[in-house]
Amino acid sequence: MTAKLKLHRFEKSGHSHRAVLFASLLGLDAELIDVDLANGAHKTPDYLKMHPFGQVPVLQDGDQTIWDSNAILVHLATNHDASGEWYPDDKASAIQAWLSVAAGPLFNGPCAARLVTVFGADFDHERTKATATALFEILDKELAERAFLVGDKPTIADIALYSYTAHAPEGGAPLEPYANIRAWLKRIEALPGFVAMPETKAGLLA
């Protein structure tokens, strides 16, 4: 019998949500374990054994421990997706490029902007919003040509970029100018097994 997946997460973390969302889309029975960030649970010795940087999420899959949300997406796709459609070999390079976008412009733009308004992070808010705008201009053009980031079917590239894009208004980054992005978000939200990240009344939603 396969051991149950354990996913250590923080509910309002977009990095956590992408892992939770993908597990749900795959129909996996994952035990969600809330990490008390406010009280430093992510910096305890036991937690640091799982994630040396003391961040969320962390996935425990049997005797394997995987940290970093994008690594978790790759692990779930390669180990728990029998269809092979979420991380197909012929699109692996394109998907990896978008995972880099998720770790770069997405983090430094809409993610960082939301960290300012929701969690009080000490970032240059105007700069984070400008980075978000630059990203969304490119993303909207890319999505004018196809339904999802690397073709006509969703992959883990879409999951990696979904959460912080969908919640960008919480950081003060508007989505109204980007019809293609908004349509793409709705396509993801229509997938069987979709689960939303809780909305926070901050930024443009305050």
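For the structure itself, consult the block above.
Below is a summary of the structure that appears in this document. (Residues numbered from 1 in each chain as written. Predicted model: local features only at pLDDT ≥ 70, side-chain atom pairs only at ≥ 80, totals over all residues. Heavy atoms only, no water.)

1. Side note on the nonpolar core
Put simply, the rule is: Definition used in this section: a nonpolar core is a set of buried Ala, Val, Leu, Ile, Met, Phe, Trp, Tyr and Cys residues joined via side-chain atoms within 4.5 Å. Exposure categories follow from relative accessible area, calculated using a 1.4 Å probe and restricted to protein chains: below 20% of the type maximum is buried, above 50% is exposed, and the middle band is partly exposed. Labels follow the DSSP assignment, with helices taken as runs of H or I lasting at least four residues and strands as runs of E lasting at least two, numbered in each case from the N terminus.
Membership of the largest hydrophobic core comes to 49 residues, with the highest contact counts inside it found for Phe136, Leu161 and Trp184. Listing elements by their share of this core, those giving two or more residues are β1 (5-9), α1 (14-25), α3 (69-80), α4 (92-103), α5 (105-119), α6 (125-142), α7 (156-166) and α8 (179-189). No other element matches α7, which puts seven residues into this core. Counting five residues, the second largest nonpolar core, distinct from the first, contains Val35, Tyr47, Met50 and Val56.

2. Looking at the pattern of salt bridges
Rules: We count a salt bridge whenever a side-chain nitrogen from Lys or Arg sits within 4 Å of a carboxyl oxygen from Asp or Glu.
Evaluated as defined, the whole model comprises eight salt bridges. The shortest N-O distance in the salt bridge between Arg146 and Glu142 comes to 2.4 Å. For Glu142, a relative accessible area of 28% corresponds to the partly exposed category. Here Glu145 and Arg146 are joined by a salt bridge, their closest N and O atoms 3.7 Å apart. Given a relative accessible area of 67%, Glu145 falls into the exposed group. Here the salt bridges share partners, and the residues they tie into one network are Glu142, Glu145 and Arg146.

3. A closer look at the side chain of Asp61
Let me state the cut-off plainly: When charges are counted, Lys and Arg are positive and Asp and Glu negative, with His and the chain ends excluded. Pairs of N or O atoms within 3.5 Å make up the polar contacts considered here, provided that, within protein, one atom can donate a hydrogen while the other can accept it, and that residues adjacent in sequence are counted only when both atoms are side-chain atoms. Any two residues whose heavy atoms approach within 4.5 Å are treated as being in contact.
Checked against the element boundaries, Asp61 lands in strand β3 (residues 58-61). With no salt bridge to any partner, buried Asp61 finds its closest opposite charge in Lys6, at an N-O distance of 11 Å. A distance of 2.7 Å separates the side chain of Asp61 from the side chain of His80, its partner in a polar contact. Setting aside residues up to four positions removed in sequence, Asp61 forms contacts with Leu5, Ile66, His75 and His80.

4. What about the packing of α6 against α8?
Put simply, the rule is: Note on method: axes are straight lines fitted to C-alpha atoms, helices fitted across the in-contact stretch only, with angles between N-to-C directions ranging 0 to 180 degrees. Our angle categories are set so that under 35 degrees counts as roughly parallel, over 145 as roughly antiparallel, 65 to 115 as roughly perpendicular, and the remainder as oblique.
For the pair α6 and α8, interaxial distance at closest approach is 7 Å and the crossing angle is 70°. Classed by the angle they form, the pair α6 and α8 counts as roughly perpendicular. Side by side, α6 and α8 meet where Phe136, Leu139 and Asp140 of the first sit next to Ala179, Asn180, Ile181 and Trp184 of the second.

5. Brief notes about the layout of surface pockets
Spelled out, the test is: A cavity here means a set of 1 Å grid points, computed over protein atoms only, where a 1.4 Å probe fits but cannot escape. A pocket is an open set with protein on both sides within 12 Å along at least 5 of 7 lines, and lining residues have an atom within 4 Å of a point. Grid points are joined across faces, edges and corners, and a volume is the space filled by probe spheres set on the points.
Here the largest pocket defines a volume of roughly 590 Å³. Along the walls of the largest pocket sit 27 residues, with Ser13, His15, Gln55, Val56 and Tyr164 positioned nearest its centre. When residues of the lining of the largest pocket are traced back to their parent elements, those giving at least two are α1, α3, α4 and α5. No other element matches α5, which puts five residues into the lining of the largest pocket.

6. So, the packing of α5 against α7
The condition is simple: It is the rotation of the near helix from the far one that decides the hand of a crossing: anticlockwise by less than a right angle makes it left-handed, clockwise makes it right-handed. Asp, Glu, Lys and Arg are counted as charged, while Ala, Val, Leu, Ile, Met, Phe, Trp, Tyr, Cys and Pro are counted as nonpolar; the rest, among them Gly, fall into the polar class.
Between α5 and α7, the shortest axis-to-axis distance is 9 Å and the interhelical angle comes to 35°. Note on packing geometry: the crossing formed by α5 with α7 is left-handed. Counting all contacts with α5, which are made through Leu106, Pro110, Cys111 and Arg114, the residues of α7 involved are Ala160, Leu161, Tyr164 and Thr165. Here the residues of the contact of α5 with α7 sort into six nonpolar, one polar and one charged.

Take it as geometry only, folks, not as evidence of what the structure does.
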